[in-house]
Amino acid sequence: MDPIDRLSFLFEKFPGIGPRQARRFVQYLLSTSPTTRQELSEIIKKLGAESRQCGMCYRWFTLKGQQGSTLTPGLSKVEPCCSICANPAREAGIIFVVEKDADIENVERSGFRGLYFVLGGSIALASDDAEGQVRLRELLKRVDEDASTLKLNELILGLSSSTDGDHTREILIEKLRPLSQSLNFRISSLGRGLSTGSELEYADPDTIAQALGNRH
Ligand SMILES: [Zn+2]
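Summary of the structure given here.

Parameters at a glance
- Residues numbered from 1 in each chain as written.
- Predicted model: local features only at pLDDT ≥ 70, side-chain atom pairs only at ≥ 80, totals over all residues.
- Heavy atoms only, no water.
- Donors = N, O, S within 2.8 Å, 3.2 Å for Na, K, Ca; no water.
- Tetrahedral: all angles 85-135°; square planar, octahedral: opposite > 155°, others 65-115°.
- Helix = DSSP H or I, 4+ residues; strand = E, 2+ residues; numbered from the N terminus.
- Buried < 20%, exposed > 50% of the residue type's maximum accessible area, 1.4 Å probe, protein only.
- Salt bridge = Lys/Arg side-chain N within 4 Å of Asp/Glu carboxyl O.
- Pairing = 2+ DSSP bridges.
- Right-handed = clockwise from strand over helix to strand, strands pointing away.
- Contact = heavy atoms within 4.5 Å.
- Axes fitted to C-alpha atoms, helices over the stretch in contact; angles between N-to-C directions.
- Parallel < 35°, antiparallel > 145°, perpendicular 65-115°, else oblique.
- Left-handed = near helix turned anticlockwise from the far one by under 90°.
- Nonpolar A, V, L, I, M, F, W, Y, C, P; charged D, E, K, R; others polar.

1. A word on the coordination of the zinc ion
Expected angles at a metal are 109.5 degrees for tetrahedral coordination by four donors and either 90 or 180 degrees for octahedral coordination by six donors.
Working step 1: Coordination of the zinc ion by the protein comes from Cys-54 (SG), Cys-57 (SG), Cys-82 (SG) and Cys-85 (SG), over a distance range of 2.3 to 2.4 Å.
Working step 2: One can describe the site at the zinc ion as tetrahedral: its four donor atoms subtend angles covering 107 to 115° at the metal.
Working step 3: Here the donor residues of the zinc ion are spaced in sequence according to C-x2-C-x24-C-x2-C. Linking Cys-54 in the loop between strand 1 (51-53) and strand 2 (60-62) with Cys-82 in the loop between strand 2 and strand 3 (94-98), this pair joins segments that are 28 residues apart in sequence. Each of the two residues, Cys-54 as well as Cys-82, counts as buried.

2. Quick notes on the pattern of salt bridges
Side-chain pairing between opposite charges can occur once the charged atoms of the two side chains come close.
Working step 1: The full count for this structure, using the stated rule, is nine salt bridges.
Working step 2: Ionic pairing is found between Glu-108 and Arg-90, a salt bridge with its closest N-O pair at 2.7 Å. Taken together, the residues Glu-108 in helix 4 (residues 101-109) and Arg-90 in the loop between strand 2 and strand 3 connect sequence positions 18 residues apart.
Working step 3: Its relative accessible area of 10% is what places Arg-90 among the buried residues.
Working step 4: Here Glu-201 ties to Lys-100 by a salt bridge, and the two come within 3.5 Å at their closest N and O atoms. Here Glu-201, found in the loop between strand 6 (186-189) and helix 8 (205-213), pairs with Lys-100, found in the loop between strand 3 and helix 4; they are 101 residues apart in sequence, far enough to count as distant.
Working step 5: In the salt-bridge network here, residues are joined through shared partners; they are Arg-90, Glu-108 and Arg-113.

3. What about the pairing of strand 4 (residues 115-118)?
Working step 1: Of the two faces of strand 4, the one lined by Leu-115 and Phe-117 and the one lined by Tyr-116 and Val-118 are each fully buried.
Working step 2: Pairing of strand 3 with strand 4 involves four bridges; the strand directions are parallel. Within the sheet, the bridge partner assigned to Val-98 lies in strand 4 and is Val-118.
Working step 3: Following the backbone out of strand 3, through helix 4 and into the adjacent parallel strand 4, one traces a crossover that is right-handed.

4. Comments concerning the environment of Val-98
Working step 1: Mapping Val-98 onto the fold places it in strand 3.
Working step 2: Between the alpha carbons of Val-98 and Val-118 there is a distance of 5.1 Å; along the sequence they are 20 residues apart.
Working step 3: Ignoring any residue separated from it by four or fewer positions in sequence, one finds Val-98 in contact with Asp-103, Ile-104, Phe-117, Val-118, Leu-119, Gly-120, Gly-158 and Leu-200.

5. Digging into the packing of helix 1 (residues 3-11) against helix 2 (residues 19-31)
Working step 1: Packing of helix 1 against helix 2 leaves a shortest axis separation of 8 Å and a crossing angle of 130°. Taken together, the axes of helix 1 and helix 2 lie oblique to each other. For the pair helix 1 and helix 2, the sense of crossing is right-handed. Listed contacts from helix 2 to Ile-4, Asp-5, Leu-7, Ser-8 and Phe-11 of helix 1 are Ala-22, Arg-23, Phe-25, Val-26, Leu-29 and Leu-30.
Working step 2: Broken down by class, the residue content of the contact of helix 1 with helix 2 amounts to eight nonpolar, one polar and two charged.

Right, here's the structure in full:
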């Protein structure tokens with residue numbers, strides 16, 4: 001496959017990108033300077049070498065400029081840990097479950113100062129393999145460990161207000177309920193401050209703060 005076709009094919013795999021947009025990206029790269037293309041390829045290489053997925057919340061972070069400890073207090077073995085999970089000033093008793101990394105940035109702007117867990121998506125209604133689509137097993141493990149070591153008080157489900165989001169919420173509540181009863185923590189959902197179909201990634205910080213205040 002020639003480089004133009006190959007690169008178009010790779011861009012098509014990006015979320016929300018179709019064949020026409022993929023072609024436009026390639027055309028843009030062809031029209032740009034060799035220096036820009038060089039910089040882009042080097043950054044992509046660095047992204048792999050200098051980024052890690054947090055062993056506690058599963059968000060991606062860059063090792064350079066990482067503040068605080070890289071040891072994970074709640075885990076039995078040493079794993080890389082992001083600056084949020086390693087920050088002792090954060091409220092460890094609350095875990096906010098989000099679908100993706102991009103949601104965290106917006107929730108941070110709303111003033112939330114607890115911890116996070118990135119589920120890695122939502123469970124499609126039509127799917128019969130719920131556990132294969134998101135980090136359900138990892139979430140149960142995290143909750144189990146945090147409840148015994150860090151005194152977990154509350155788990156907030158910050159899933160999108162969509163059919164898949166609602167379906168995911170139902171499955172999570174069903175799987176987490178026995179743990180919440182035996183380990184004594186509360187499971188809450190965001191209040192309806194967020195409009196139907198809206199996602200945390202696109203909601204403004206005030207709306208998120210309001211939905212957090214109205215959680216039930
Ligand atoms: Zn983390």
